[in-house]
Amino acid sequence: MSNKVYITNDQHAVKVPSGLRILIRRSCNAVLEFEHFPEPAEISVTFVDNARIAELNSQYRNKPMPTDVLSFPLGENGVYDHNQDTGAAMLGDIVISMEKAMEQAQLYGHPLQREVAFLVVHSMLHLLGYDHEQGGLEAVHMREKEEAVLIQLGLPRTVSYTADEV
């Protein structure tokens, strides 16, 4: 059973490091495996700059400023549309601001790869229906899952993330 991760680079602000696409695919697969997702899945990941993610953030979340990542789940309550050609469940889209990812990597003192992997794992959990907006236990569970998957990927947390991130 194989998952499809479509990766598009729609920005020129940050050079995409070699190996990043492989790491993104590994991150998506690790989350699906960790969550025992029962069928092949399709995910789209797009790199954008701060200006573009600010537009999307404004349009979809009414927050007219750049953010690090946006998730656009296609499924609801574990029900997904399927690609007619491949039969794969279409989970949705992940949009990453490479500028913001670079800023945060520098801020936290870890490589851009580590930051992007974290953002992908975080977003994959959103695509699978997890939510941290209300805080509380669900946010804690989501954090624990992120951490477990990142450890599996060989990318344990190097710093504690603050609660004010989106």
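Computed from a prediction, not measured in an experiment: that's the story for all the values here.

### Details of the sheet that holds strand β4 (residues 89-97)
Thought 1: Across the sheet, four strands lie side by side as β1-β2-β4-β3; this open sheet has mixed pairing. Looking at the sheet topology across the chains shown, the edges are occupied by β1 (4-9) and β3 (69-73). Strand-to-strand twist in this sheet, taken as the mean axis angle between neighbours without regard to direction, amounts to 15°.
Thought 2: Along the sheet, helix α2 (residues 50-61) contacts β2 (41-48), β3 and β4; its crossing angle with β3, the most-contacted strand, is approximately 45°.
Thought 3: Lying over the sheet, helix α3 (residues 98-108) contacts β2 and β4, oriented at roughly 65° with respect to β4.

### Here's the deal with the pattern of salt bridges
Thought 1: Under the defined criterion, the tally for this structure stands at four salt bridges.
Thought 2: A salt bridge links Glu 146 to Arg 143; its shortest N-O distance comes to 2.6 Å. One end of the pair is Glu 146 and the other is Arg 143, both in helix α5 (residues 136-152) and three residues apart, which spans about a single turn.
Thought 3: Residue Glu 146 is classed as buried on the basis of its relative accessible area of 1%.

### What about the nonpolar core?
When a protein is soluble and globular, its nonpolar side chains tend to lie buried together.
Thought 1: Counting residues in hydrophobic clusters, the biggest one holds 40 residues, and the most contacted among them are Ile 24, Ile 43, Leu 91, Ile 96 and Met 124.
Thought 2: Looking at this core, the elements with two or more residues in it are β1, α1 (20-34), β2, β4, α3, α4 (112-127) and α5.
Thought 3: Looking at this core, the element that brings in the most residues is α4, giving 10 residues.
Thought 4: Those residues within four positions of Ile 24 in sequence are excluded, and the remaining contacts are Val 5, Ile 7, Val 45, Phe 47, Val 116 and Val 120.
Thought 5: By size, the runner-up hydrophobic cluster in this structure holds five residues, among which are Val 48, Ile 53, Leu 56 and Val 95.

### Examining α4
Thought 1: Its 16 residues give α4 an end-to-end C-alpha distance of 22 Å, which sits within 8% of 22 Å, the value for a rise of 1.5 Å per residue.
Thought 2: For α4, a buried count of 15 out of 16 residues is recorded, marking the element as mostly surrounded by other parts of the structure.
Thought 3: Note on α4: the residue one or two positions beyond its end, Gly 129, has a positive phi of about 105°.

### A few points about α1
Thought 1: For α1, which comprises 15 residues, the first-to-last C-alpha distance of 21 Å matches the rise-based estimate of 21 Å (1.5 Å per residue) to within 8%.
Thought 2: Its buried side turned inward, α1 meets β1, β2, β4, α3, α4 and α5.
Thought 3: His 36 lies just past α1 and shows a positive phi near 55°.

### Section: the side chain of Ser 27
Thought 1: For Ser 27, the position within the fold is in helix α1.
Thought 2: Look past the residues within four positions of Ser 27 in its chain and what remains in contact with it is Ala 117, Val 120, Val 121 and Leu 153.

### Side note on the confidence of the model for the chain
Thought 1: In this model, the chain carries an average pLDDT of 91, and 93% of its residues clear a pLDDT of 70 or more.
Thought 2: Per-residue pLDDT stays below 50 along residues 159-166; that stretch engages in 15 contacts with residues further than four places along the chain or on separate chains.

What counts, and where the lines are drawn
- Residues numbered from 1 in each chain as written.
- Predicted model: local features only at pLDDT ≥ 70, side-chain atom pairs only at ≥ 80, totals over all residues.
- Heavy atoms only, no water.
- Pairing = 2+ DSSP bridges.
- Helix = DSSP H or I, 4+ residues; strand = E, 2+ residues; numbered from the N terminus.
- Axes fitted to C-alpha atoms, helices over the stretch in contact; angles between N-to-C directions.
- Contact = heavy atoms within 4.5 Å.
- Salt bridge = Lys/Arg side-chain N within 4 Å of Asp/Glu carboxyl O.
- Buried < 20%, exposed > 50% of the residue type's maximum accessible area, 1.4 Å probe, protein only.
- Core = buried A, V, L, I, M, F, W, Y, C linked by side-chain atoms within 4.5 Å.
- Expected span 1.5 Å × (residues − 1).
- pLDDT = per-residue confidence, 0-100.

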